[in-house]
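Geometric and topological summary
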Amino acid sequence: MKICTSTQRWTHLFSMQETLQKHAEAGFDAIDLSLYDLEKTTILDSPNYLEQAAIIRDMASSNELEILQAHAPFGHHWTDEEGIARVIRSIEVCGVAHIPNIVVHPCFLGDRQYNEKQKEYFDINVSYYNRLRPYAEKAGVNIAIENMFVWDSQKNKIAPSIFSTAEEMIDMLEVLDGPFTVCLDVGHTNLNGAQTAEEMIKKLGKEHLGCLHIHDNDGISDLHTLPLTQKMDFKSIFTALHNIQYNGYFTYEADGFFARLPASCYSAAARLMADLARDVIRTYQL
């Protein structure tokens, strides 16, 4: 199994070339390109974004790295044409850079809590993802739909929202019936309380589970930190992945692990992350 990690925090401090080189040296096979937050590579806002995508593709190749996933911009309303245009550009970037999967959050879900407005939001996102479909088909890219949560200000806690259950995610894939898959964010399952990561993995199976976001948290905040450093039950998660014969990638979204580190320690932290991923893959026969 190939190991992969997101670039979000790295490009705040390093150039893209340095980011790629350091991940290759740390032992990663691939990266998950954080297109929503490239601090030193504002690719989606550039008129020559496709040319920049080709440059990043060639940089990765020269460092013997693959770009196996990307993450599209998020947080926009379904009437925000510029926000949607940026998602479309991110899909086009993946086509040029030969990135097979892009994670696209469901569109604007701030006021859907628990099962409120369930059909309304489901139908809105059917239309949203279908709008993206022709661009994904042209680019040869799979759109990975991510499980989400929202903040319940009355209860002062994180609450379930759209795609907080495997059943709803499978329903969406069946309606869309195209270049779509699931990205299971295991950390989000530990926050919204709807279904555990183990439950969702079992229900999704390898047929529907195309990508992962692997990180740890304390059950209260979305910390996005290194597995085995907080409170999540990763033994059950990795066992479930083994049991369904998951055949995707081991992809970290653990940028919070770097949050308080100086730039001089990033490479050592990345090596630790890569070593942990390799150990998990061996131990659980992934």
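In this text, all values refer to a predicted model and were calculated from it rather than measured experimentally.

With that settled, the discussion passes to unusual backbone geometry. The phi angle at Asp-177 is positive, at roughly 50 degrees, despite the residue not being glycine. As for its position among the elements, Asp-177 is in the loop between helix 5 (166-176) and strand 8 (180-185). Positive phi is not limited to glycine here, since His-224 has a value of about 50 degrees. Following the sequence through the fold, His-224 ends up in the loop between strand 9 (209-213) and helix 8 (234-243). Accessibility expressed as a relative area gives 15% for His-224, which makes it buried.

Another aspect to go through is the pattern of salt bridges. The final tally for this structure, using the stated rule, is eleven salt bridges. Measuring nitrogen to oxygen at the nearest pair gives 3.2 Å for the salt bridge that ties Lys-202 to Glu-198. Here the residue Lys-202 and the residue Glu-198 both occupy positions in helix 7 (residues 197-208), the gap between them amounting to four residues, near one helical turn. Under the relative-accessibility criterion, Glu-198 is labelled partly exposed at 27%. A salt bridge links Arg-282 to Asp-279, with the nearest nitrogen and oxygen atoms 3.8 Å apart. In this pair, Arg-282 and Asp-279 both sit in helix 9 (residues 266-283), three residues apart, roughly one turn of the helix. Looking at Asp-279, the relative accessible area reads 36%, which means it is partly exposed.

A few words now on helix 3 (residues 81-97). Between its terminal C-alpha atoms helix 3 stretches 24 Å, which fits the 24 Å expected from 17 residues at 1.5 Å a residue. When we look at burial in helix 3, the residues that qualify are Gly-83, Ile-84, Val-87, Ile-88, Arg-89, Ser-90, Ile-91, Val-93, Cys-94 and Ala-97. The elements touched by buried residues of helix 3 are helix 2 (49-62), strand 3 (66-71), strand 4 (101-104), helix 4 (118-139) and strand 5 (142-146). The distance from a side-chain oxygen at the start of helix 3 to the backbone nitrogen of Glu-82 is 3.2 Å, and the residue carrying that oxygen is Asp-80. Positive phi appears at His-98, one or two residues downstream of helix 3, with a value of about 60 degrees.

Here the focus is helix 1 (residues 16-26). Taken as a whole, helix 1 has its buried residues at Met-16, Thr-19, Leu-20, His-23 and Ala-26. Viewed end-on, helix 1 has its buried residues packed into an arc of 130 degrees, placing them on one side of the element. Against the buried residues of helix 1 lie strand 1 (3-6), strand 2 (30-34), helix 2 and helix 9.

What follows is about the packing of aromatic side chains. Under the definition given, this model contains 15 aromatic pairs. Between Phe-238 and Tyr-284 the ring centres are 5.5 Å apart and the planes differ by 50 degrees, which places this aromatic pair in the tilted class. Placement of Phe-238 in helix 8 and of Tyr-284 in the segment after helix 9 is noted, with a sequence separation of 46 residues between them.

A separate point is the side chain of Arg-133. With respect to the helices, strands and loops of the structure, Arg-133 is situated in helix 4. For Arg-133, a relative accessible area of 17% corresponds to the buried category. Polar contacts involving the side chain of Arg-133 include one to the main-chain carbonyl oxygen of Leu-176, which spans 2.4 Å.

Turning next to the sheet that holds strand 10 (residues 250-252). Overall, parallel pairing links the eight strands, which are arranged 9-8-5-4-3-2-1-10 in an open sheet. Among the strands making up the open sheet, the edge pair consists of strand 9 and strand 10. Adjacent strand axes in the sheet meet at a mean angle of 25 degrees, parallel and antiparallel pairs treated alike. As defined by bridge partners, strand 8 adjoins strand 9 across four bridges and the pair is classed as parallel. Its bridge partner being in strand 9, Asp-185 is matched across the sheet by His-213. Where helix 5 meets the sheet, its contacts fall on strand 5 and strand 8, and the angle it forms with strand 8 comes to roughly 165 degrees.

The rules behind each value
- Residues numbered from 1 in each chain as written.
- Predicted model: local features only at pLDDT ≥ 70, side-chain atom pairs only at ≥ 80, totals over all residues.
- Heavy atoms only, no water.
- Helix = DSSP H or I, 4+ residues; strand = E, 2+ residues; numbered from the N terminus.
- Buried < 20%, exposed > 50% of the residue type's maximum accessible area, 1.4 Å probe, protein only.
- Salt bridge = Lys/Arg side-chain N within 4 Å of Asp/Glu carboxyl O.
- Expected span 1.5 Å × (residues − 1).
- Contact = heavy atoms within 4.5 Å.
- Polar contact = N/O pair within 3.5 Å; in protein donor to acceptor, adjacent residues only side chain to side chain.
- Arc of directions from axis to C-beta.
- Phe/Tyr/Trp six-rings, centres within 6.5 Å; stacked < 30°, edge-to-face > 60°.
- Pairing = 2+ DSSP bridges.
- Axes fitted to C-alpha atoms, helices over the stretch in contact; angles between N-to-C directions.

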